[in-house]
Amino acid sequence: MQGFDRLHREVQRWIRDEGWTGLRPIQSRAIDTVLGGETDVIISAATAAGKTEAAFLPLLSRVAEREDEGLSILYVSPLKALINDQHRRLDGLCERLGLPAVRWHGDAPAGPKQRLLKTPAGVVFITPESIEALFLRRSAEVPRLFGRIDAVVIDELHAFLQGPRGLHLACLLRRIELATGQRPRRIGLSATLGDPVAASIWMNPTAPERVVLIEDAAAAINIHLQIRGYLEPNETCASRDGGEVEEPRTALDDIADHAFGVLRGDNHLFFASSRRNVEALADGLRLRSEAAAVPNEFFPHHGSLSRELRETLESRLKAAALPTTAVATTTLELGIDLGGVKSVAQLGAPRSLASLRQRLGRSGRRKGAPAILRVYVRERSLVGAAGPLDALRPETIRAVAAVRLLLQRYVEPPRSGVGLATVAIHQILSLIVERGGVSAGGLFNALCGAGPLVNLDRDLFLALLRGMGDPAVRLIEQAPDGQIMLGELGERLTSNREFYAIFDTDEEWTLRHGVRALGQIPISNVLFVGSVLAFAGRRWRVTGVDDRAKVLNVEPHRAGRLPLFERQSVEPLGDRLAQEMRSVYLSQDLPAYADPAATALLQEGRDAFAAYDLMRHAVLADGPDTHLLLWRGGAMNSVMAVALRAMGAETEVHDLGVTLAQTVPDRARALLESVAAQSPSVSDLSGYVANLSEAKFDAYAPPDVLRRLWEIRHGASVAELSKLAAGAAHAIDMAPPLHLHST
DNA sequence: GACCTGCTGCGGTATG
């Protein structure tokens, strides 16, 4: 067994006692690297390949003989449930080596934490938020607790590569180094790395080339998959006579029928995107069990359900004594080992390959067993109110495009830079609490300079500090000697326990028409006066945006119903998936993994694409509106929408592109030509984005700073605008009349 | 028509 001999004797004994017949390839390869050097390491391998042990067997071998006081290994995880899982896996081994292994998160027992503070030793399994709490409430203990760490293990590394939480953790690790004067090596674990370079930069921003990447040898993807097509029935009114209202049958009913037939009797995961879908599907499956007089084995799992309900379901899946299907949102996508899950089903086409890969990793964990994936796709009936975007059958096309990219092993790179201002504000406040007053230079050096917030240059940093000290804000204030202290609001925020996490629990915007509040909606895309959105079954035009109060003033836009194309999308699509969709339209092959209905829908989508002449044209007339189809991801579509808005158009962003409301193709062409001719710069455009604040503390940042950060993030997209607009304007034309058949 | 993630310290009372 390669590498085995170099492990600590007690670790070797533990491996034998566990009944292992050998080390996995990734484990053998990790032993030499981890035992040998002091470098940072990324271990990237499929779920259940044994990454945890690949890191811990050599790390524990190194620290087993350590005599001096001090914590040896800091393990960080994004999930409490994962901490409990990993602790369970490693506790026995640690005990045999005489090393305490302590879980440290909000629900973990307090006793072991107290003992660890008294005598730091062994391994601690912790969340970023609990590290933050240590800095805020026990800063005096930090140097002694973390002063002798050999290695920091970051589990689910990909979860920290984009968004504010990853920046937050990077700042916390940097602050541990500053507080202790040591830089422990970092070991990252991940199953889905879209961009190893980005991961290396996160691990070691000053010397990313020195991070060693240990990747699992690319085994062939062993997968059985099927795309199943379903057509929504015609939109008909339920009969009202006789007092009984019969629910019209939907595509979801047909999907539930099929799933009930194929999933009963074993363990499966069914990902259904939204809580509403999850509840509807789980309910439909339960009703079918009742109708068939068999025990129900289908249960919902999502973030609004109590922890008790969720954990009961998780243990039922793990125990595998009773057949169980969890119908879930993304809650079961990450982390904990669910045991023998036989297949994964998904409602709707995948929106990202990173997520699809992660979900697939939950099945086929048993040696030699293939992963099984079923994608259930729904499309609209073309009878009646449907429009040309429906005729393109975008869900079916996206499902095929996603499978193609899956087989190519493509994973999206992380979207960087989100939440920079928020993390800076948060960490400035936390550093002041930790140190009891800091100079502006000290703050800059800790976070920006050689720290993780490099994109915040000196000018932006000072502008941010000035904004925080504004008498109307009072997050911070400056003592006569120049030291920066907490202001009144800073005191209040940092003393609240909601301060520990860098993310907010769902912030929703209030939609207001005159004095009347229409309700609450979450908004993730760019918004400005003139945006059109759908709510409560109507279309509304935004007439005012109050970013701080999160209020949108709206007025009715057009009389009538919801727009019929795919709505302003949620998780933005990546460029590569959008491009692959175009290539699916342009090719002829009918994949064997599509069932007859999906095959028919695929063919319909291609026929429509050809009928609209979309291989040559980027625009498509639709009644009074014009669609602009760029075959780019959400980021580029949003930037194009901002540019068109700057030229005076009313726009809406969706998965297929940008829709110009109440705009005929001639005018759309003129607008695109203006964009091409004027070639707007980022600073020309950023003023048209009204909802610049998008993370927890952004509202306390000066608008100019947020604008500048938007410009930095979107500079590359804006640089492409002019060429893209010129190309789109060039081939503009009216769509020919369409004759469509309905299946 | 989004989804997910996280949480200290203290004082009171009950229990073994």
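One can find the structure itself at the top, above this paragraph.
All of these numbers come straight from a predicted model, not from anything done at the bench.

(A) Seen up close, the protein's contact with DNA strand B. Taken together, the neighbourhood of DNA strand B is formed by 33 residues, with Lys80, Arg275, Arg276, Gly303 and Arg310 sitting nearest. Sugar and phosphate atoms form 63% of the subset of DNA strand B atoms that lie within 4 Å of the protein. Interatomic distance of 3.4 Å between a backbone N/O atom of proline 78 and a sugar or linking oxygen of DNA strand B. Between DNA strand B and the protein, one listed contact pairs a base oxygen with a backbone N or O atom of arginine 497 at 2.8 Å. For the surface near DNA strand B, the element with the most residues is helix 6 (residues 128-137), which contributes four residues. A class-by-class count of the residues in the surface near DNA strand B yields seven nonpolar, 12 polar and 14 charged.

(B) Main features of the side chain of lysine 113. If you trace the backbone, lysine 113 turns up in helix 5 (residues 110-118). No salt bridge is formed by the buried lysine 113; its nearest oppositely charged neighbour, aspartate 107, is found at 8.1 Å. A polar side-chain atom of lysine 113 sits 2.9 Å from the main-chain carbonyl oxygen of histidine 105. Beyond its immediate sequence surroundings of up to four residues, lysine 113 is in contact with Val102, Arg103, Trp104, His105 and Ala108.

(C) Main features of the side chain of threonine 180. Within the element layout of this structure, threonine 180 appears in helix 8 (residues 164-180). Leave out the neighbours within four places in its chain, and threonine 180 touches Val142, Pro143, Phe146 and Gly147.

(D) Representation of the packing of helix 6 against helix 16 (residues 420-435). Interhelical geometry of helix 6 versus helix 16 gives an angle of 45° and a closest axis separation of 7 Å. The pairing of helix 6 with helix 16 is recorded here as oblique in orientation. Where helix 6 approaches helix 16, its residues Glu132, Phe135 and Leu136 are matched on the opposing element by His426, Gln427, Ser430, Val433 and Glu434.

What counts and how
Residues numbered from 1 in each chain as written. Chains lettered and ligands numbered in written order. Predicted model: local features only at pLDDT ≥ 70, side-chain atom pairs only at ≥ 80, totals over all residues. Heavy atoms only, no water. Near = heavy atom within 4 Å. Polar contact = N/O pair within 3.5 Å; in protein donor to acceptor, adjacent residues only side chain to side chain. Helix = DSSP H or I, 4+ residues; strand = E, 2+ residues; numbered from the N terminus. Nonpolar A, V, L, I, M, F, W, Y, C, P; charged D, E, K, R; others polar. Buried < 20%, exposed > 50% of the residue type's maximum accessible area, 1.4 Å probe, protein only. Lys, Arg positive; Asp, Glu negative; His and termini not counted. Salt bridge = Lys/Arg side-chain N within 4 Å of Asp/Glu carboxyl O. Contact = heavy atoms within 4.5 Å. Axes fitted to C-alpha atoms, helices over the stretch in contact; angles between N-to-C directions. Parallel < 35°, antiparallel > 145°, perpendicular 65-115°, else oblique.

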